[in-house]
Amino acid sequence: MTEKLKRRRIRPRSVLIHAVLLLGTVTMLLPFLWMLLASFKTYQEVMHIPIIWLPSSWNLDNYVEVLGNMHFGRYFFNTLVVTFLTTAIQLTFCALTAYGFSRLRFPGRDAIFFGFICLLMVPTQMLIVPRYIMMVKFHWLDSYAALIIPHFISIYGTFLLRQYFMALPRDLEDAAKIDGCGYIQIFLQVLMPLMTNACLALVVYTVVFNWNDLLWPLLVLNSEKLRTLAIGIASMRDEHTVARHLMMTAGVISTFPLILVFAFGQKKLIESMALSGIKG
Amino acid sequence: MKKILAMILCLVTLLTMASGCGSGGTSGGKDASSGSETGSKEDTAEQGAVEFMYWGAEQKEAMETIANDFMDVHPEIKVNLTQVPNDQYWTKLLTSIASGSPCADVCWINPSYAVSMMNAGQLVNVQDLYDSKDIDSANFVQAALDSYTGPDGAMYGVPKDFQTVCLIYNKNLFDEANLPYPGNDYTWEQMLSDAQALTKTEDGKTVQWGYVHNSSVMSSWFVYCYVNGGELFDPDNNGGKYIDTDANREAFQNAADLIFKYGVAPDGSVTAETTPDELFMNNKVAMITYVPSQIANYVEMLGEDAIGVASFPYMTQQSTISNNLGYGIPSGTKNLEAAKIFLTYLASREGQEPQSDIIIPAYQGITSKMEEEYADMNFSVYIDAGKYAVGTPAEAVSGNAARQAVEAEVQSIIFGEKDVATALKDAEESIIKAVENAK
């Protein structure tokens, strides 16, 4: 038995696979490690060539400076509010739309869905000015509304969830219908409980996107009070230089919640990508 | 049922917030504005609020002081400050201008963007302020004024600061090589010979270079043209060419020779990995050319005693470029009258002085604190260079498109992919195309 195990352990194929995986892991982790270490370093240490890996002293000066000087608490709160509301509402709307496109029969359904998908091909940059004009006309500039409402519906999210709905067997619905369920009941009590994986995947995508989104919040916000973390970090740049040690510290603080989201959602995310056959 | 409730609750929360925050309206009146910066003056605002937008985190304090001083003099106008990261500044400004509702009433502008904005009618003509002598052009050097003079000869802005490009060197490395420090009349030949003495190799590999080409072409390759008697982007005075002239070709060749013929400057493969700035801050390079605001970072890394300043090394004539920022009023502003009052204040001595801690104000006669602080490093060269500096070359063509074309070709030169003649020929063609597209 032990001999068998030993033989299995040293199989060259497995060594190769693990070597590749290890290389991938190191490549992915190294920048993060660098960011984490840099958050403890002084400006001199960060800029030093050749690279100094370990800081000379492990103190929290940079964290104190970032958290103390830069309204970080406020930025954090704003980001949290925007991300939470956007994600919750987007999930609701996308699920309802996807259900409609996949399960209900109405005239022009496929044509409308085709139009929907076509919109995916339009680059975001094309939509910026029209969207901005809408915000001006609605008097939503410089408010949470401008950050949240344009993200109510996501075509990508709808498409993702539709693929999932399509994969669910129709028999479930038929059985529910026979038992006397209406559309809302079927949606909420029969289909949605089976959609947990897909919904979690969409949550991860939406959270990550909204947490890191810089361009749109920057365009529509002016007030310091409403700024999000991404704007706060980008604003730390001077005209010609970057205080890299502080930037990295802010990066660590803002990345932490995302790592939590990924830690809990990664399995579902990968499963959903495998099923829908698309990647973000 | 619970889920429906949760959804309804979410929607209600959202709509409450939307209506609560949205009521403040657009960039005009805002209750949710940057209260921390201007809060105390809120009650007194009668004539409306001026949205003032800038980039450059390091000047935040100076801008706040200017705004507060202004509100003391003009309590009827409230100034809201917004600092936007450099990289996204123009996207935000130009998107909002394109939508017809600019996000700022007064904003920082730079010479490159000013040209395209003036050509596109995106800046308000403020010649009336100069004509009425509310703003006295005599207070500013001509090169700074030129940057904000439109194609019609009228003024479209106010100079903010005056940053010439000079040579910054590492005194320690000069001492090690027993070389005298560069002075106010530093020629290209002297620079080349010093750079040769300052370049060190170990086992056939260069470990220290005498000189590095700044990655900002405005602080390096553009200036090379002028110190060789060349001219940029002004075909009327340049034999019908934007860049591809004999003088410019010779200047570029001299610069390329530093890398490929003499080996005293690192090539693109080195500077792609470690920026010229980082090389200088780590004693790997002895000389770099740059604007004065960079000195503070060099001092932080190397110490004040290690930094010296000299005039830009010249080939045939002493010259340099001044990259002076300015203030302008975007077209479409809803609050033009108040914006003009603020702009006038920004052009006054009181409006310029608070910047002197960190930068050289455009207003002549205000001594920059840097001049006193860095007196030992011969800092006054930066001020003296104003006498022979030319404005940022951005005439006749959108400076940005032209600059991008040159930047791309400079990359191919420093990577050794193209020779100078081909690169300049290609740059000329790209600029001609950009000009045609702009029409």
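Residues numbered from 1 in each chain as written. Chains lettered and ligands numbered in written order. Predicted model: local features only at pLDDT ≥ 70, side-chain atom pairs only at ≥ 80, totals over all residues. Heavy atoms only, no water.

## With respect to the overall build of chain A
Tallying secondary structure elements over chain A gives 15 helices and 0 strands in all. Here the C-alpha radius of gyration of chain A, 24 Å, is well above what a compact globule of 280 residues would show, namely 19 Å. Overall, chain A is about 75 × 70 × 30 Å in size when its C-alpha atoms are taken along their principal axes. Counting every position in chain A, which comprises 280 residues, the buried fraction comes to 45%. (Helix = DSSP H or I, 4+ residues; strand = E, 2+ residues; numbered from the N terminus. Rg over C-alpha atoms; globule rule 2.2 N^0.38 Å. Buried < 20%, exposed > 50% of the residue type's maximum accessible area, 1.4 Å probe, protein only.)

## Remarks on the overall build of chain B
If you tally the helices and strands in chain B, you get 20 helices and 12 strands. Within chain B, the fraction of its 439 residues that count as buried is 59%. Accessible area for chain B stands at about 16700 Å²; split by element, carbon and sulfur atoms hold 48% of it. (Areas by Shrake-Rupley, 256 points an atom, 1.4 Å probe, with all protein chains shown as cover.)

## Some words on the pairing of strand S2 (residues 77-83) of chain B
Residue and element names in this part refer to chain B. Burial runs high along S2: 7 of the 7 residues are buried. Taking every second residue as pointing to the same face, both faces of S2 are buried, with Ile77, Val79, Leu81 and Gln83 on one and Lys78, Asn80 and Thr82 on the other. Considered for its hand, the β-α-β crossover made up of strand S1 (residues 48-54), helix H3 (residues 60-73) and S2 is right-handed. (Right-handed = clockwise from strand over helix to strand, strands pointing away.)

## Some points on the side chain of Asn78(A)
Residues and elements named next belong to chain A. Positionally, Asn78 belongs in helix H5 (residues 72-103). For Asn78, the side chain forms a polar contact with the main-chain oxygen of Lys225, separated by 2.7 Å. From its side chain, Asn78 meets the backbone oxygen of Leu226 in a polar contact 3.3 Å long. (Polar contact = N/O pair within 3.5 Å; in protein donor to acceptor, adjacent residues only side chain to side chain.)

## Points about the sheet that holds S2(B)
Residue and element names in this part refer to chain B. Spatially, the 5 strands line up as an open sheet ordered S2-S1-S3-S11-S4, and their pairing is mixed. The open sheet has two edge strands, S2 and strand S4 (158-159), and neither has a second partner. Summarising the sheet, S4 and strand S11 (residues 326-328) pair through 2 bridges and their orientation is antiparallel. Bridging from a neighbouring strand, Val158 pairs with Tyr327 of S11. Contacts from helix H15 (residues 336-346) reach S1, S2, strand S3 (106-109), S4 and S11, with the element oriented near 50 degrees to S1. (Pairing = 2+ DSSP bridges. Contact = heavy atoms within 4.5 Å. Axes fitted to C-alpha atoms, helices over the stretch in contact; angles between N-to-C directions.)

## With respect to the interface of chain A and chain B
Quoted interface sizes are often the accessible area lost when the parts come together. On the side of chain B, 54 residues touch chain A, which itself brings 49 residues to the contact. The contact between chain A and chain B buries some 4600 Å² in all, and 62% of this surface belongs to carbon and sulfur atoms. At the junction of chain A with chain B, the criterion picks out 1 salt bridge. In this structure, Glu278(B) and Arg244(A) form a salt bridge, with 2.7 Å as the shortest nitrogen-oxygen distance. Seen at the junction of chain A and chain B, the total is 11 residue pairs in polar contact (both at pLDDT 80 or more). Only helix H3 (43-47), H5, helix H7 (124-137), helix H8 (144-148), helix H11 (183-191), helix H13 (215-220) and helix H14 (229-234) of chain A provide two or more residues apiece to the side of chain A that touches chain B. Classifying every residue of the side of chain A that touches chain B by side-chain character gives 30 nonpolar, 11 polar and 8 charged. (Buried area = accessible area lost by both parts, 1.4 Å probe. Salt bridge = Lys/Arg side-chain N within 4 Å of Asp/Glu carboxyl O. Nonpolar A, V, L, I, M, F, W, Y, C, P; charged D, E, K, R; others polar.)

## Considerations on the side chain of Ser319(B)
Tracing the backbone shows Ser319(B) in the loop between strand S9 (307-310) and strand S10 (320-322). Discounting chain neighbours no more than four positions away, the residues touching Ser319(B) are Val223(B), Tyr226(B), Val227(B), Phe312(B), Tyr388(B) and Val390(B).

## What about helix H2 (residues 12-38) of chain A?
All names here are of chain A. Taking 1.5 Å of rise per residue, the 27 residues of H2 would be expected to cover 39 Å, and the 38 Å separating its terminal C-alpha atoms lies within 8% of that figure. Of all bends in H2, the biggest is about 35 degrees, found at Leu29, and the proline Pro31 comes one to four residues later. Ser14, Met35, Leu37 and Ala38 are the residues of H2 that are buried. (Expected span 1.5 Å × (residues − 1). Bend = angle between axes of the 7 residues up to and from the residue.)

## So, the sheet that holds S9(B)
In a beta sheet, neighbouring strands pair by backbone hydrogen bonds and run either parallel or antiparallel. All names here are of chain B. If you walk across this open sheet you meet the 5 strands as S6-S7-S8-S5-S9, and the pairing is mixed. The two strands at the open ends of the sheet, each matched to only one other strand, are strand S6 (200-202) and S9. Pairwise comparison of adjacent strand axes, ignoring direction, gives a mean angle of 25 degrees for this sheet. In this sheet, strand S7 (residues 205-211) lies alongside S6 in antiparallel orientation, the contact comprising 3 bridges. Across the sheet, the residue bridging to Lys200 is Gln208, located in S7.

## Let's talk about unusual backbone geometry
Look at His139(A): it is not a glycine, yet its phi comes out positive at around 60 degrees. The topology assignment puts His139(A) in the loop between H7 and H8. Relative accessible area serves as the criterion here: at 44%, His139(A) is assigned to the partly exposed category. Phi is positive for Asn283(B), which is not a glycine, with a value near 60 degrees. Relative to the elements of secondary structure, Asn283(B) occurs in the loop between helix H13 (276-281) and strand S8 (285-290).

## Quick word on a nonpolar patch on the surface
Residues and elements named next belong to chain A. Together, Leu22, Val26, Leu30, Leu33, Ile51, Trp53, Leu54 and Trp58 make up a nonpolar patch on the protein surface, roughly 820 Å² of accessible area in all. Within the fold, Leu54 resides in the loop between H3 and helix H4 (61-69). What makes Leu54 exposed here is its relative accessible area of 55%. (Patch = residues over 30% accessible without salt bridge, like charges linked within 9 Å, V, L, I, M, F, W, Y side chains within 5 Å.)

## Some points on the packing of helix H10 (residues 170-178) of chain A against H11(A)
Residues and elements named next belong to chain A. It is at 10 Å that the axes of H10 and H11 come closest, and there the two elements cross at 120 degrees. Classified by the angle between their axes, H10 and H11 sit oblique to one another. In terms of crossing hand, the pair formed by H10 and H11 is right-handed. Here Leu172, Glu173, Ala176 and Lys177 of H10 lie close against H11, whose contacting residues are Ile186, Val190 and Leu191. Taken together, the residues of the contact of H10 with H11 break down into 5 nonpolar, no polar and 2 charged. (Parallel < 35°, antiparallel > 145°, perpendicular 65-115°, else oblique. Left-handed = near helix turned anticlockwise from the far one by under 90°.)

## Focus: the packing of aromatic side chains
Summed over all chains, the structure comprises 38 aromatic pairs over all chains. Ring centres 5.2 Å apart and planes at 55 degrees place the aromatic pair Phe40(A) and Trp58(A) in the tilted group. Within this pair, whereas Phe40(A) is found in the loop between H2 and H3, its partner Trp58(A) is found in the loop between H3 and H4, the two being separated by 18 residues in sequence. Taken together, the ring pairs in this structure connect Phe52(B), Tyr54(B), Trp55(B), Phe70(B), Tyr89(B), Trp90(B), Trp108(B), Tyr113(B), Tyr327(B), Phe342(B) and Tyr345(B) into an aromatic cluster. (Phe/Tyr/Trp six-rings, centres within 6.5 Å; stacked < 30°, edge-to-face > 60°.)

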